[in-house]
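Tertiary structure, described
If you want the building blocks of each chain, they are given just below.
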Amino acid sequence: MARVYPFRALRYNLGRVSMEDVVTQPYDKITPAMQDRYYAASPYNLVRIILGKHLPGDNEQENVYTRAAETFRSWRKDEILQEEAEPALYGYSQTYTVPHTNEVRERRGFIALGHLYDYADKVVFRHEQTFPKHKSDRMSLFKATRAYCEQIYMLYSDPAFTAEKLIFGVNGPGRVDSRPADLAITDEYGVVHKVWKLTDPTLINLLVTAMGDKKLIIADGHHRYETSVAYAKERSAQLKLPLNQPRDEDEKLSPSHLPSPPFPEAAMMMTFVNMDAPGITILPTHRVVHGIEGFSSPDFITRASAYFDIKELPSHDVSVLSSTDRTAFVAVTVDGSYLMTAKPEAIAPLLQDLPVRQRQLDVVQLHRIVLDKLLGLGQETITRLGSVSYLREADEAAAMVTDGDANIAFLIKPITLEQLKEVSLAGDVMPQKSTDFYPKLLSGLAIYALD
């Protein structure tokens, strides 16, 4: 069962800061330019904790992690961050325009603590590979600060919209809020974020009960989740407390008994979003390959023609991908752009060891046939050499090639929500960076301090 807990969050003191100046995008989406901008925005911007700057002379005693911990302690002491008086859950909505369209959507969910489960428990499911280096970095930060300053994004299924009705007082699409939000801010991408603080014990326990039979799929935050599970197991052994002790069937949730983790490290902060509700957007993540000695685009196109029908394009316009039901990519080279459409009979032998549900995925075929077979870039090589970059914007990916900063770029279609659900719940994983959920959850809306 999925266990969800209310918590006494640390939140920014609005008497001391402006929220727009202190919140950030998730750490792994912060570019060096964004990091500089966040530093300049406020001395209390969260970037100083989640992605501080490395300085010359850093050592084991003084480094980015020790500075994050000291910054966190001082902000608490100076009441820049204040602890809530009572446990709460937080309704959370994001209103945004889908990139490159005029369509406005709203995604709704709620922020709470979620119990940490090993994937083998079949409560939480992943959908893509992770990078060891990223997990090592997050573990160092967690141990230094003993706090979760960012939520991970979890999906669950509930066609009845139970949580939405309880939190927002709404009934499916065409929703009307029952009360105004407690916080509303707009981020640098024009996304409007709203938060509702929920402290009613009856409502909290109804939500906890409603989530009890749910399976959870990680949308964003695989590295942080896996790091947190490892941290929880480590602390479980040290404390000699079980991580996943079954809940007493006779235990009754009541206003006098709100659920809590068996120990602080057994849970982390999550945002839960119903995948049956409207508002979810998945964007493609394009691949840019660099560092291949002696790369020749004519030679690549010749070899690729054994597995793909090749059509030269006047530009790298990705709209052509929507015109075919077959697997297809746009390859951008210094010599031109090409539509690569898979030849089913030719690629089948290279995919036969994969589950049927994965064989038709564009991103899987791109990695297996193009990156691995044609370019010699298997998973281990990509991880070791860092020879593949992952970009949301097709124009940016293409520009890296035309500017001479990369060998070739592959522009792809996005994974669908149904494909993700099918692969994840079957226990399979797709290549790293297979999805780009938009918009990202803001960091700094709430903080879960373990101490």
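Structure report, in brief. (Residues numbered from 1 in each chain as written. Predicted model: local features only at pLDDT ≥ 70, side-chain atom pairs only at ≥ 80, totals over all residues. Heavy atoms only, no water.)

1. Describing the overall build of the protein chain
A tally of helices and strands in the protein chain yields 15 helices and 21 strands. Taken over the C-alpha atoms alone, the protein chain extends approximately 70 × 55 × 45 Å along its principal axes. Relative to its full complement of 451 residues, the protein chain shows a buried share of 53%. A total accessible area of about 19,600 Å² is found for the protein chain, and carbon and sulfur atoms account for 50% of it. Within the protein chain, the 59 negative side-chain charges are centred at a point lying 3 Å from the centre of the 50 positive side-chain charges. (Helix = DSSP H or I, 4+ residues; strand = E, 2+ residues; numbered from the N terminus. Buried < 20%, exposed > 50% of the residue type's maximum accessible area, 1.4 Å probe, protein only. Areas by Shrake-Rupley, 256 points an atom, 1.4 Å probe, with all protein chains shown as cover. Lys, Arg positive; Asp, Glu negative; His and termini not counted. Charge placed at Lys NZ, Arg CZ, Asp CG, Glu CD.)

2. Focus: the packing of helix 10 (residues 344-351) against helix 12 (residues 362-374)
Each pair of packed helices can be described by the angle between their axes along with the distance between the axes. For the pair helix 10 and helix 12, interaxial distance at closest approach is 10 Å and the crossing angle is 85°. As judged from the angle between their axes, helix 10 and helix 12 are roughly perpendicular. For the pair helix 10 and helix 12, contact is made by Ile347, Leu350 and Leu351 and by Gln365, Arg368, Ile369 and Lys373, respectively. The residue inventory of the contact of helix 10 with helix 12, partitioned by class, reads 4 nonpolar, 1 polar and 2 charged. (Axes fitted to C-alpha atoms, helices over the stretch in contact; angles between N-to-C directions. Parallel < 35°, antiparallel > 145°, perpendicular 65-115°, else oblique. Contact = heavy atoms within 4.5 Å. Nonpolar A, V, L, I, M, F, W, Y, C, P; charged D, E, K, R; others polar.)

3. Describing the sheet that holds strand 14 (residues 286-289)
Strand order in the open sheet formed by 6 strands is 15-17-16-19-14-18, and the pairing between neighbours is antiparallel. If you trace the sheet from one side to the other, it starts and ends with strand 15 (308-313) and strand 18 (388-391), each paired once. Between one strand and the next, the sheet's axes are offset by a mean angle of 25°, whatever the strand orientation. Pairing geometry for strand 16 (residues 328-333) and strand 17 (residues 336-342), over 6 bridges, is antiparallel. Across the sheet, Phe329 pairs through a bridge with Met340, a residue of strand 17. (Pairing = 2+ DSSP bridges.)

4. A look at empty space enclosed by the protein
Counted by the stated rule, this structure contains 4 cavities of 30 Å³ or more. Of the pockets and cavities examined, the largest cavity occupies roughly 230 Å³. Every residue lining the largest cavity is counted, 18 residues in all, and those nearest its centre are Asp28, Glu128, Asp220, Gly221 and Lys433. In terms of residue count, the dominant contributor to the lining of the largest cavity is helix 8 (residues 222-239) (3 residues). Estimated volume of the second largest cavity: approximately 80 Å³. Along the walls of the second largest cavity sit Ile49, Ile50, Arg138, Leu141, Phe142, Thr145, Ala147, Tyr148, Cys149, Glu150 and Arg224, which together make up its complete lining. Sorting the residues of the lining of the second largest cavity by element identifies helix 3 (47-50), helix 5 (132-145) and strand 7 (147-148) as the ones contributing at least two each. Broken down by element, the lining of the second largest cavity gets its largest block of residues, 4 residues, from helix 5. When the residues that make up the lining of the second largest cavity are grouped by side-chain class, the tally is 7 nonpolar, 1 polar and 3 charged. (1 Å grid on protein atoms, 1.4 Å probe; cavity = no way out; pocket = protein on both sides within 12 Å on 5 of 7 lines; lining within 4 Å. Points joined across faces, edges and corners; volume = space filled by probe spheres on them.)

5. Some details on the packing of helix 5 against helix 8
As a packed pair, helix 5 and helix 8 sit with axes 9 Å apart at the nearest point and diverge in direction by 55°. By the angle between their axes, helix 5 is oblique relative to helix 8. Helix 5 and helix 8 meet at a crossing whose hand is right-handed. Facing helix 5, whose interface residues are His134, Lys135, Arg138, Met139, Phe142 and Lys143, helix 8 presents His223, Arg224, Glu226, Thr227, Ser228, Ala230, Tyr231 and Glu234. Tallied by class, residues from the contact of helix 5 with helix 8 come to 4 nonpolar, 4 polar and 6 charged. (Left-handed = near helix turned anticlockwise from the far one by under 90°.)

6. Topic: the packing of aromatic side chains
Summed over all chains, the structure comprises 14 aromatic pairs. Arranged with centres 5.9 Å apart and planes meeting at 70°, the rings of Phe7 and Tyr90 form a pair that is edge-to-face. Residue Phe7 is found in the loop between strand 1 (4-5) and strand 2 (10-12), and its partner Tyr90 is found in strand 4 (residues 89-97); the two are separated by 83 residues along the sequence. Its relative accessible area of 0% is what places Tyr90 among the buried residues. Grouping aromatic residues by their ring pairs yields a cluster made of Phe7, Tyr90, Phe142, Tyr148 and Tyr448. The ring centre of Tyr39 lies 4.6 Å from the NZ or CZ of Lys53, which sits over that ring. The ring of Phe168 carries Arg108 above its face, with NZ or CZ at 4.4 Å from the centroid. (Phe/Tyr/Trp six-rings, centres within 6.5 Å; stacked < 30°, edge-to-face > 60°. Lys NZ or Arg CZ within 6 Å of the ring centre and 35° of its normal.)

7. Quick look at the nonpolar core
Formed by 125 residues in total, the largest nonpolar core has its most connected members in Phe110, Leu155, Tyr225, Phe272, Phe300 and Phe410. Ranked by the residues each element gives to this core, the list is headed by helix 12, at 7 residues. If we skip the residues at most four places from it in the chain, Phe272 touches Val4, Arg108, Gly109, Phe110, Ala112, Leu113, Gly114, Met154, Tyr156, Met211 and Leu216. Leu313, Leu391, Ala397 and Ala406 belong to the second largest nonpolar core, which has 15 residues in total. (Core = buried A, V, L, I, M, F, W, Y, C linked by side-chain atoms within 4.5 Å.)

8. Structural notes on unusual backbone geometry
Cis geometry is found at the peptide bond from Tyr438 to Pro439, where omega equals -5°. In this structure, Lys122 takes a positive phi of about 60° despite not being glycine. Inspection of the secondary structure assignment puts Lys122 in the loop between strand 5 (104-115) and strand 6 (124-125).

9. Quick word on helix 15 (residues 417-425)
Those residues of helix 15 lying buried are Leu420, Val423 and Ser424. Along the axis of helix 15, the buried residues cluster in a sector spanning 95°; they form a single face. Summarising the contacts, the buried residues of helix 15 are in contact with strand 6, strand 8 (152-156), strand 11 (216-220), helix 11 (356-359) and strand 20 (436-438). Directly after helix 15, the chain includes Gly427, whose backbone phi takes a positive value near 85°. (Arc of directions from axis to C-beta.)

10. Re the environment of Pro431
Among the structural elements, Pro431 can be located in the loop between helix 15 and strand 20. Assessed through its relative accessible area of 12%, Pro431 is described here as buried. Separated by 303 residues in sequence, Pro431 and Glu128 have C-alpha atoms that sit 5.4 Å apart.

By themselves these figures say nothing about function.
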